[in-house]
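Topology and contacts: notes
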Amino acid sequence: MMDTPGLLKRQLSERNDIEKLAIASLQHLQSVIVYVVDLTEDCGMSVEDQLELRRDMREQFLKPAQPWIDVLSKNDLKASYKKADLYFKDVRNPTLVSVLEETGLKSLKATFTDELVRFLTEDVGASGEAVKAAEGKPPLAGSEANDI
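Here's what I pulled together on the structure shown here. (Residues numbered from 1 in each chain as written. Predicted model: local features only at pLDDT ≥ 70, side-chain atom pairs only at ≥ 80, totals over all residues. Heavy atoms only, no water.)

Focus: the pattern of salt bridges
Threshold: Criterion for a salt bridge: a side-chain nitrogen of Lys or Arg within 4 Å of a carboxyl oxygen of Asp or Glu. Secondary structure elements are defined from DSSP: runs of H or I of at least 4 residues count as helices, runs of E of at least 2 residues count as strands, and each element is numbered from the N terminus. A simple rule labels every residue: compare its accessible area, found with a 1.4 Å probe on the protein chains alone, to the largest value its type can have, and call it buried under 20%, exposed over 50%, or partly exposed in between.
By the definition in use, this model includes nine salt bridges. With a shortest N-O distance of 2.3 Å, Arg-55 and Asp-90 are connected by a salt bridge. You can see Arg-55 sitting in helix 2 (residues 47-61) and its partner Asp-90 sitting in helix 3 (residues 84-90), a full 35 residues away along the chain. A residue is classified by how much of its surface remains accessible, and Asp-90, at 31% relative accessible area, is partly exposed. Here the salt bridges do not stand alone but share partners, grouping Arg-10, Arg-15 and Glu-19 into one network.

And the structure:
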């Protein structure tokens, strides 16, 4: 799993080194992509820019059969949401989370785990300890974890 820094809607030539590393990683890693949107716009990006970046990321990095999970953050601040209608026009069934209220986090973890296990077993062909690790099960003592 890799947690990239928040990417801003700008040209590659304007990105900093950390953003460029995140872009390079997304180009080469096969995994579940979790895309988080902040409709309060407290993140410094408009809803329109966040949705345009989402479309760009899906076009550039989403491979066939690769899981994509949309997350709508700050669910405790719904009254501060801007352009929610625009968001829900583009995004179907996002996972709603609030870190402050600790809601939606178990659902997000379960969705992520299910998608990762499905992706590993069906699309990558992993088995054994790799799948157990993705499911959050501890490996057996003395077992090999590199059976992908």
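Following the structure, the description resumes.
Some thoughts on the nonpolar core
Here is the rule: To form a nonpolar core, buried Ala, Val, Leu, Ile, Met, Phe, Trp, Tyr and Cys residues must be joined to one another through side-chain atoms within 4.5 Å. The contact definition used throughout considers only heavy atoms, calling two residues in contact when any of these lie within 4.5 Å.
By size, the foremost hydrophobic cluster in this structure holds 19 residues, and its most contacted members are Leu-7, Leu-39, Met-57 and Tyr-87. When residues of this core are traced back to their parent elements, those giving at least two are helix 1 (17-28), strand 1 (33-37), helix 2 and strand 2 (68-72). When residues of this core are assigned to their parent elements, the largest contribution, five residues, is made by helix 2. Aside from chain neighbours lying at most four places away, what touches Leu-39 is Val-47, Leu-72, Ser-80, Tyr-81, Lys-82, Ala-84 and Tyr-87.

Some details on the packing of aromatic side chains
The geometry of an aromatic ring pair is captured by the separation of the ring centres together with the interplanar angle, meaning the angle of the planes. This is how it is decided: Aromatic rings from Phe, Tyr and Trp, with only the six-membered ring used for Trp, were paired whenever their centres fell within 6.5 Å, and each pair was classed as stacked if the ring planes differed by under 30 degrees, edge-to-face if by over 60, and tilted otherwise.
The final tally for this structure, using the stated rule, is two aromatic pairs. A ring pair is formed by Tyr-35 and Trp-68, whose centres lie 5.8 Å apart and whose planes are at 25°; its orientation type is stacked. You can see Tyr-35 sitting in strand 1 and its partner Trp-68 sitting in strand 2, a full 33 residues away along the chain. Comparing Tyr-35 with Trp-68 shows no difference in burial state: the two are buried. Seen from their ring centres, Tyr-87 and Phe-88 are 5.1 Å apart, and the 80° between their planes marks the pair as edge-to-face. Under the relative-accessibility criterion, Tyr-87 is labelled buried at 0%.

Things to note about the layout of surface pockets
Stated precisely, the cut-off is as follows: A cavity here means a set of points on a 1 Å grid, drawn over the protein atoms and nothing else, where a 1.4 Å probe fits but cannot get out; a pocket is an open set with protein on both sides within 12 Å along at least five of seven lines, and a residue lines either one if it has an atom within 4 Å of a point. Grid points are joined across faces, edges and corners, and a volume is the space filled by probe spheres set on the points. When residues are grouped by polarity, Ala, Val, Leu, Ile, Met, Phe, Trp, Tyr, Cys and Pro land in nonpolar, Asp, Glu, Lys and Arg in charged, and all others, Gly among them, in polar.
The computed volume of the largest pocket comes to approximately 1,100 Å³. Asp-3, Thr-4, Val-34, Tyr-35 and Val-36 are, among the 37 residues lining the largest pocket, the residues nearest its centre. Secondary structure elements with two or more residues in the lining of the largest pocket: helix 1, strand 1, helix 2, strand 2 and helix 4 (105-124). The leading source of residues in the lining of the largest pocket is strand 1, at five residues. Residue classes in the lining of the largest pocket are distributed as 25 nonpolar, eight polar and four charged.

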